[in-house]
Amino acid sequence: MVGRRTAFALGGLVVAACAVGADSGEAPAFAAADAEALPAALLPPAAHVVLTALDVPPGQDAARAYAALARATPASGGVQAGVALGASWFAKAGLEAARPAALIPMPRFTGDVPDDALTHGDLLLHVGAATAEAARLASGSWLRSAPSARVRWQRRGFRPGNQVSGGRVLARNLFGFVEGHGNPSFRAAGTGRSPAGADAEPGPGEVVRVAAGPGVPAWAVGGSHQVVRVIRFATRLWDAEPVPVQERVIGRRRDGTWLDGTPAAGRPAFADDPDGTATPLDAHVRRANPGTPGTPAPRMLRRGYSYHEGPQDQGMLFVAYQGDLELGFAGVQRRLAGQPLDRYTLTVGGGYFFLPDVSRGLPAELTG
Ligand code: HEM
């Protein structure tokens, strides 16, 4: 476990200390200067998280509940925390005019079977720490700062093998596959330059931040749309499949190497494989990012966690940050409909939230 102590209050996340579990034992490859220039949502995620969706009951002051949570500070080091807003919060706070137009309740996508007890919320508290116990304790004390807010749902997550490699944060999911290779790459630590080959690609900062534009109130510029999906895995069904079958469902090998042998950090030319001989056309990664003309690369930063509440309830807390929901999560999710991976997964909850940039303090527009 490697820890790097800093004292940031950036981008919606209050970060008392940034720690990332690195199996390799290497320090995270993020320069401090990069971290300071970026929203803290971009920092390497802690190995453990507690996500808590909260509702503000009728008669309680929603603006005050948000301010109390957003101003809370961790009692101990090694904790990352962020407070994001759901569409319903704006109505309850009487601040509907301040809601970013794109922030709506998460729609139901093809195949979703949402459980109301695991979906939506006025607020989302995200508390990360190096151990499950530290995340649980910090989350409990954070919640006590806003006693009027009621827990709507809560999930604990963890990132097996959490580490930074080549400017990307990687972890292995409960299907045994490494995730994170396809994320936008951070600049190499200390060089101020993108890694070779990544110069033309947008960096994570550009991808996650909301830009000024129609329907975007001034306070929201620089913040991020945070999407959460609670995705249950049919692990037994998946584990019964031979690994080569699993790899064709995903479109990469378990370690991230592409099916045509291209190294994980590279990208194969799908145009040279028009029939999907090497990488099936309906493989998860090919549906997500087909590389065809007119289909731009997804603009999102995925920060998923695994969860395990028992043999019948385990899977992924998919978390993604993006400046534009259509170019990020929503557009990709629609392309994924009907993919073979859907046979092994079921989305049962989550929500759309907005993580304000609080690097210059809480926006006055949100505190009523
Ligand atoms: C259902 C559970 C899911 C599993 C098991 C899963 C697994 C994976 C794996 C193993 C990769 C390859 C490594 C990587 O690039 O991270 C990947 C890539 C990706 N996934 Fe997922 N994923 C899931 C859900 C989603 C969802 C809900 C979305 C968004 C709607 C999504 C979007 C993407 C994108 C954009 C890529 C990168 C594609 C590329 O540019 O190569 N995934 N996923």
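Residues numbered from 1 in each chain as written. Predicted model: local features only at pLDDT ≥ 70, side-chain atom pairs only at ≥ 80, totals over all residues. Heavy atoms only, no water.

### Some details on the nonpolar core
Judged by nonpolar contacts, the single largest core of 56 residues is most densely connected at Y66, W89, F90, L123, W142 and Y352. Among the elements that make up this core, the one with the highest residue count is helix α2 (residues 62-71) (six residues). In contact with Y66, other than residues within four places in its own chain, are V83, L85, W89, L123, P356, V358, L362 and L366. The next biggest cluster of nonpolar side chains, apart from the first, holds 21 residues, and it includes L51, F186, L317 and V319. (Core = buried A, V, L, I, M, F, W, Y, C linked by side-chain atoms within 4.5 Å. Buried < 20%, exposed > 50% of the residue type's maximum accessible area, 1.4 Å probe, protein only. Helix = DSSP H or I, 4+ residues; strand = E, 2+ residues; numbered from the N terminus. Contact = heavy atoms within 4.5 Å.)

### What about the environment of L317?
Checked against the element boundaries, L317 lands in strand β15 (residues 314-322). Distance in space between the C-alpha atoms of L317 and R232 is 8.7 Å, their sequence separation being 85 residues. L317 has contacts with L51, R155, R156, G157, R229, V230, R303, G304, Y305 and Y307, leaving out every residue within four places of it along the chain.

### Describing the coordination of the iron atom of the ligand
A lone protein donor contacts the iron atom of the ligand, and this donor is H284 (NE2), found at 2.1 Å. Mapping H284 onto the fold places it in helix α8 (residues 284-288). (Donors = N, O, S within 2.8 Å, 3.2 Å for Na, K, Ca; no water.)

### Here we look at the confidence of the model for the protein
On average, residues of the protein carry a pLDDT of 87, and 85% of them reach 70 or more. This stretch, residues 1-37, has a pLDDT under 50; its non-local contacts, to residues over four places away or in other chains, come to 106 contacts. (pLDDT = per-residue confidence, 0-100.)

### So, helix α9 (residues 326-336)
Those residues of α9 not exposed but buried are G328, F329, A330, G331, V332, Q333 and L336. Of the surrounding secondary structure, the elements contacted by the buried residues of α9 are β12 (224-233), α8, β15 and β16 (345-355). Once α9 ends, the next one or two residues include G338, with phi positive near 90°.

### Things to note about the pairing of β15
Burial analysis of β15 places nine of its nine residues in the buried class, which makes it a mostly covered element. Strand direction decides the pairing type here: β12 and β15, joined by eight bridges, are antiparallel. Following the sheet pairing, V227 is matched in β15 by A320. Bridge count between strand β13 (residues 301-302) and β15: two bridges; the pairing is antiparallel. Note that in β15 the partner of L301 across the bridge is Y321. For strand β14 (residues 305-308) and β15, the ladder comprises four bridges, and the chain directions are antiparallel. Pairing of H308 across the sheet is with Q314, part of β15. Hairpin connection of β14 to β15: five residues between the antiparallel strands, including G310 at a positive phi of 145°. (Pairing = 2+ DSSP bridges.)

### Concerning the pattern of salt bridges
Scanning the model with the defined rule gives 14 salt bridges in all. In this structure, the salt-bridge partner of R99 is E96, at a minimum N-O distance of 2.7 Å. Assessed through its relative accessible area of 24%, R99 is described here as partly exposed. Between D273 and R286 there is a salt bridge, with its nearest N and O atoms 3.3 Å apart. Residue D273 is located in the loop between α7 (243-250) and α8, and its partner R286 is located in helix α8; the two are separated by 13 residues in the primary sequence. The pair formed by D273 and R286 is uniform in burial state, with each residue classed as buried. (Salt bridge = Lys/Arg side-chain N within 4 Å of Asp/Glu carboxyl O.)

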